[in-house]
Amino acid sequence: MKLIKETILGVMITEMVDVTEISEKEFFSEYEILLKRYVDCTDLKTLLLYKQPLENWDIILQAKKLALGRTIEESKKRRYPLSCIFSRLTVDGKYPQSKYYKPASLSMENVMPVSEVKNTSFDDISSKLYKEMKELKKIPPKDFDSFMIIMDTLLKKYFWSIPASGRENEDISEYDYIKSAMAIASALTQSPDKDKPYMIVAGHFSGIQKYIFSASKVGTGVVAKRLRARSFYVNAMVSALAHFIIHNNQLPMTNILMLTGGKFYILLPHKDDTEKMLSDIEKQVTKFLYEKYKGNLTLELVWEAFSEDELMDYSECVKRLSEKINSKKRRLLESILIEENQWSTEKFIVYKDLANMSMCRSCRSALVDKTKEMCSNCEMDTEIGGMLPKIQQFSFSRKKGQYNLLGDYYLNLDIEKGGENNYLIMQLNNTELHNLYDKPVNIYYAVNHVPLKATGEIKTFTEIAEAAKGTKKLGILKADVDTLGFIFSEGLKSENDEMTSIARLSTLSRMLEQYFGGYLHELIDKKYQNIYCIFSGGDDLFFIGPWSDMPLLAIDINESFRRYTGQNKCMTLSAAICMANSGGHISTLAEDCERTLIRIKQSADKYISEEKNGRNGIGFLGKVMKWEDFKKQIDIGTKFSYAIKDVGTSMIRRLASYSKMYQEYLYTRNPESLVFLPLFSNDMTRNMRTLQKNRWLNGHYRDLYKKASDYQHLSKDFYYTEFCVNYALQLTKEERKNG
């Protein structure tokens, strides 16, 4: 089919003029000189003004319908604000109170939904968009692909908060609608298959977290650099593979439907040779990963052709592809280890010549010449890790560059290294383009914060631990969204089946990525200077910092996530905090934290929680509790730490022992455990003067005794008192040690 680029642009332009309420003629009058650099403007004008060729016009309409998941309304006059996508999620048929977004350009200050929007005019956004497009006219990108990337950036910046239709409670963003429709149009114009014109390919890298954490002991100086670098580099490699598939099919970057957390989904045209092309790519990349990472990182690449009816239910497409990925995970490295239905036994031997070789002192998973301490991967990680905190941009290039990713694809932390070969420049946490309109610049949100010394060097984990209050230990915070797979497949569905379109799931996915990347970056950068981010994106995070910062950070993250998701009860986080000495092995610490997180998700404390199935909670200091309980007990524990200064630790330690006896009574119902009651009473009577030294402690002691006396009824405060005291003792350990 002809006019492929014109049809793709046709989707974008018809929506832009509809949103900004100008005519196509006015648009061409202003921007024809820009557009003719990339397409035949005569053909483009004929298509949009006269709907000819009809076949291409029909593709534009069909692409919009499939992206939206329903028939397009005749009138799309936008009178209502964009509804929060999280307000339309449900797993039990009950929806929360609706929340909305104020019409505004993209910034982390504007992403929190509100209960009411009084000003629903989009005029200011439109004028700002066209103001930037005038700058774009002055210094235009060199080619069509670069133009599409810069337009994607501008549309994301200004159309993210505009509804895709004039319907009340529309929760599909206009940006995601345009992007999805352009991807569909791009595939449809190039697909010869009329029955199943679409091919969706999904890629997933396994072993990422294990590879990231296979570094040396936490206290060693350069490990802090390597961990963040590994996470960043592997994600860049996943991106490069997605770009490779896009370039092989001569598609714009908008056909990458999702790219986050080591996984991607790409929409391709279904051609006769598509499956062979994907199979060849899978074998090529699998071989590359095997040779470079010796089986520590592996790829699952799957694909399936879909009809238009099937594509309407995009969540079902994702579900089918996820099942294929899970199936391939059970047969990792099959193309390497099996040839002609037989084991290729020589491939089981990764290193054949062991003479004069020793283990890499960092990752302990690669052999190096005895004259070296680190393998080439760890050396690169160290170099990248030293540069990451200082960059504001990075780029991808082909044929030449700074760090090789896959084949002829390169990552550049110094974008000048890519030069004219840069095909994508990522600008970190900043939507202002300044004079970069002629470059293929896109916005990239990421938590890029690491603790720095006064010299600008990254702090070691030992130095981070020294910043803790009380005991000088590290804290590890791991958290993720509960039941997200189920929410993606079922949470958006409704009785009319309009709820699972590509644009709708794209809106949901982008908003989640925006929280874990952009919003958390600002939170940590402004409030938690000693937090080190190993990764945060998609739906999970892993932070290291002073242990005493972690409870407050976890509370801040949970509360901001609840606001961000419109207080929807089905959008919850589970988290685990672990404490460790600064000399421990990072992989061991990560495994401990992961086990705690799994336990939190599988079951709740049956003596405390009415919900026995776990999730929506946090584990710390051996206790698992719901978020509201955790916040309260951390506050009480902090007050105990202040009281220790007045009354010492003896009484408070005894109080913790009474709490432990109370817990044992709840577990066993053994009357002998009730001995804590007379002990508690006698303790208060004998130490009345001591208690009077701290007004809060005096009142709290009496309140706890009153609740404990009614032992037939649960008292959460008394139950958690042992936890609170342990927390207070950790907070005051260094101060007590120094007298």
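Before reading further, recall that the structure is shown in the block above.
For clarity, every value in this text was computed on a predicted model and none was experimentally measured.

How each quantity is defined
- Numbering of residues starts from 1 in every chain and runs along the sequence as written.
- Residue-level local features of this predicted model are given only where pLDDT is at least 70; pairs of side-chain atoms are given and counted only at 80 or more, and the full residue set underlies all totals for whole chains, interfaces and linings.
- By convention in this description, side-chain values take in all heavy atoms of the structure and omit both hydrogens and water.
- Each helix is a run of H or I in the DSSP string that is no shorter than four residues. Each strand is a run of E no shorter than two, and both are numbered from the N terminus.
- With the radius of gyration taken over C-alpha atoms, the globule rule is written as 2.2 Å times the number of residues to the power 0.38.
- Note on classification: 1.4 Å probe, protein chains only; a residue is buried when its accessible area is under 20% of the maximum for its type, exposed when over 50%, partly exposed between these limits.
- Throughout, a contact is declared for two residues whenever any of their heavy atoms are within 4.5 Å.
- Accessible areas in this description were obtained via Shrake-Rupley with a 1.4 Å probe; residue shielding takes into account the shown protein chains only.
- In this charge count, Lys and Arg are treated as positive and Asp and Glu as negative; neither His nor the chain ends contribute.
- A single reference atom marks each charge: NZ on Lys, CZ on Arg, CG on Asp, CD on Glu.
- Strand pairing is assigned whenever DSSP identifies at least 2 bridges connecting the two strands.
- To obtain an axis, a line is fitted to C-alpha atoms, over the contacting stretch when the element is a helix, and the angle between two such axes runs from 0 to 180 degrees between their N-to-C directions.
- We call a set of buried residues a nonpolar core when its members are Ala, Val, Leu, Ile, Met, Phe, Trp, Tyr or Cys and they connect through side-chain atoms within 4.5 Å of each other.
- Here the term patch refers to residues with relative accessible area over 30% and no salt bridge, with like charges joined within 9 Å and nonpolar side chains (Val, Leu, Ile, Met, Phe, Trp, Tyr) within 5 Å.
- For this document, the term salt bridge refers to a Lys or Arg side-chain nitrogen within 4 Å of an Asp or Glu carboxyl oxygen.
- Centres within 6.5 Å are what make two rings of Phe, Tyr or Trp a pair, Trp counting through its six-membered ring; a difference in plane orientation under 30 degrees is then read as stacked, over 60 as edge-to-face, and the rest as tilted.
- Within 3.5 Å is the distance limit for a polar contact, defined as a pair of N or O atoms, with the added protein rule that one can donate a hydrogen and the other accept it, and that residues adjacent in sequence qualify only through two side-chain atoms.
- Here the expected length of a helix is defined as 1.5 Å per residue gap, with one fewer gap than residues.
- Two cysteine sulfurs form what is called a disulfide whenever their separation falls within 2.5 Å.

Description of the overall build of the protein chain
Along the backbone of the protein chain there are 26 helices and 21 strands. The C-alpha radius of gyration of the protein chain comes to 29 Å, within 12% of the 27 Å expected for a compact globule of 739 residues. For the C-alpha atoms alone, the extent of the protein chain along its principal axes is close to 95 × 75 × 55 Å. For the protein chain, the residues scored as buried account for 58% of the 739 residues in total. In the protein chain, of all internal contacts separated by at least 6 residues, the share reaching a separation of at least 24 is 69%. Counting only carbon and sulfur atoms, one obtains 47% of the accessible surface of the protein chain, whose full area is about 31,500 Å². Separation of charge centres in the protein chain, based on 104 positive and 97 negative side chains, amounts to 7 Å.

Quick notes on the sheet that holds strand β11 (residues 393-398)
As a general point, the strands of a sheet are linked pairwise by backbone hydrogen bonds and lie either parallel or antiparallel. Strand order in the open sheet formed by five strands is β12-β13-β11-β14-β15, with mixed pairing between adjacent strands. Pairing within the sheet leaves two strands with one partner each, and these edge strands are β12 (403-406) and β15 (441-444). Within this sheet the neighbouring strands show an average axis-to-axis angle of 30°, counted without direction. Bridge count for strand β14 (residues 422-428) against β15 is four bridges, and the pairing is parallel. Looking at β15, one finds that Leu-428 is bridged to Tyr-444. In the packing of helix α6 (residues 144-159) onto the sheet, the strands contacted are β14 and β15, and the crossing angle to β15 comes to about 40°.

Side note on the sheet that holds strand β5 (residues 263-269)
With antiparallel pairing, four strands are arranged side by side in an open sheet as β4-β5-β3-β6. Two strands bound the open sheet, and with one partner strand each, they are β4 (256-260) and β6 (298-306). For this sheet the average axis-to-axis angle between neighbouring strands, irrespective of direction, equals 15°. The sheet contact formed by β4 and β5 spans four bridges and is antiparallel. By the bridge assignment for β5, Leu-259 is matched with Phe-264. This element, helix α7 (residues 174-188), spans β3 (198-206), β4 and β5 of the sheet and lies at about 45° to β5.

Quick look at helix α16 (residues 484-491)
For α16, the set of buried residues is Leu-484, Ile-487, Phe-488, Ser-489 and Gly-491. On its buried face, α16 sits against α12 (314-329), β16 (474-481) and α17 (502-527).

Quick look at the nonpolar core
Within the largest apolar cluster, 166 residues are counted, with the highest numbers of intra-cluster contacts made by Phe-86, Phe-147 and Phe-543. It is α17 that provides the largest number of residues to this core, a total of 12 residues. Phe-213, Ala-240, Ala-465 and Ile-586 belong to the second-largest nonpolar core, a separate cluster that totals 80 residues.

With respect to a nonpolar patch on the surface
A cluster of nonpolar residues, Trp-343, Phe-348 and Ile-349, forms a patch on the protein surface that exposes about 370 Å² of accessible area. Position of Ile-349 among the secondary structure elements: in the loop between β8 (342-343) and β9 (357-359). Residue classification places Ile-349 among the partly exposed residues on the basis of a relative accessible area of 48%.

Some details on the packing of aromatic side chains
Counted by the stated rule, this structure contains 40 aromatic pairs. A ring pair is formed by Phe-516 and Phe-561, whose centres lie 6.2 Å apart and whose planes are at 50°; its orientation type is tilted. Placement of the pair is Phe-516 in helix α17 and Phe-561 in helix α18 (residues 550-564), with a sequence separation of 45 residues. Judged by its relative accessible area of 0%, Phe-561 is buried.

Quick notes on the side chain of Lys-459
Within the element layout of this structure, Lys-459 appears in the loop between β15 and α15 (461-466). Of the buried charged residues, Lys-459 lacks a salt bridge, with Glu-463 as the closest side chain of opposite charge at 7.1 Å. Only 2.7 Å separates the side chain of Lys-459 from the side chain of Asn-530, close enough to count as a polar contact. Discounting chain neighbours no more than four positions away, the residues touching Lys-459 are Ala-224, Pro-451, Leu-452, Lys-453, Ile-464 and Asn-530.

A short note on the environment of Lys-473
Along the chain, Lys-473 turns up in the loop between α15 and β16. Residues Lys-473 and Gly-583 lie 110 residues apart in sequence; the distance between their C-alpha atoms is 9.6 Å. Setting aside residues up to four positions removed in sequence, Lys-473 forms contacts with Ala-465, Ala-468, Gly-545, Pro-546, Trp-547, Met-579, Ala-580 and Asn-581.

As for α6
End to end, α6 covers 21 Å across 16 residues, agreeing with the expected 22 Å (1.5 Å per residue, within 8%). Most of α6 is tucked away: 15 of the 16 residues are buried.

Some points on the pairing of strand β18 (residues 540-546)
Counted residue by residue, β18 has seven buried out of seven residues, so it is predominantly covered. Direction of pairing for β16 relative to β18: antiparallel, over a ladder of seven bridges. Following the sheet pairing, Ile-476 is matched in β18 by Ile-544. Across five bridges, the pairing between strand β17 (residues 532-537) and β18 is antiparallel. In the sheet register, Ser-536 faces β18, and the bridge partner there is Leu-541. Joining the antiparallel neighbours β17 and β18 is a turn of two residues, in which Gly-538 adopts a positive phi near 75°.

Quick word on unusual backbone geometry
In this structure, Pro-53 follows Gln-52 across a cis peptide bond, with omega equal to 0°. Along the chain, Pro-53 falls in the loop between α3 (41-50) and α4 (54-68). Non-glycine residue Thr-483 carries a positive phi angle of around 45°. Relative to the helices and strands, Thr-483 resides in the loop between β16 and α16. Here Thr-483 falls in the partly exposed class, since its relative accessible area comes to 35%. Positioned with a positive phi, Asn-616 is a non-glycine residue whose angle comes to about 55°. Mapped onto the elements of the fold, Asn-616 is located in the loop between α19 (586-602) and β20 (617-620). A relative accessible area of 24% places Asn-616 in the partly exposed class.

Brief notes about the pattern of salt bridges
Here the structure, examined in full by the defined rule, presents 38 salt bridges. The residue Lys-478 makes a salt bridge to Glu-594 at a minimum N-O spacing of 2.9 Å. Residue Lys-478 is located in strand β16, and its partner Glu-594 is located in helix α19; the two are separated by 116 residues in the primary sequence. Across the pair Asp-717 and Lys-632 runs a salt bridge, and its minimum N-O distance is 3.1 Å. With a gap of 85 residues between them, Asp-717 in helix α25 (residues 716-719) and Lys-632 in helix α20 (residues 627-647) connect regions that are remote in the sequence. The exposure class of Lys-632 is partly exposed, given its relative accessible area of 44%. Salt bridges linked by common partners bring Glu-15, Asp-18, Lys-64, Arg-78 and Glu-174 together as one network.

Brief notes about the state of the cysteines
Inspection of every chain in the model, using the stated rule, returns zero disulfides. No disulfide involves Cys-375; its sulfur sits 3.6 Å from that of Cys-378, the nearest cysteine. For Cys-375, a relative accessible area of 6% puts it in the buried group. The thiol sulfur of Cys-533 is not disulfide-bonded, and the nearest other cysteine sulfur, from Cys-593, lies at 14 Å. By relative accessible area, Cys-533 is classed as buried at 1%.

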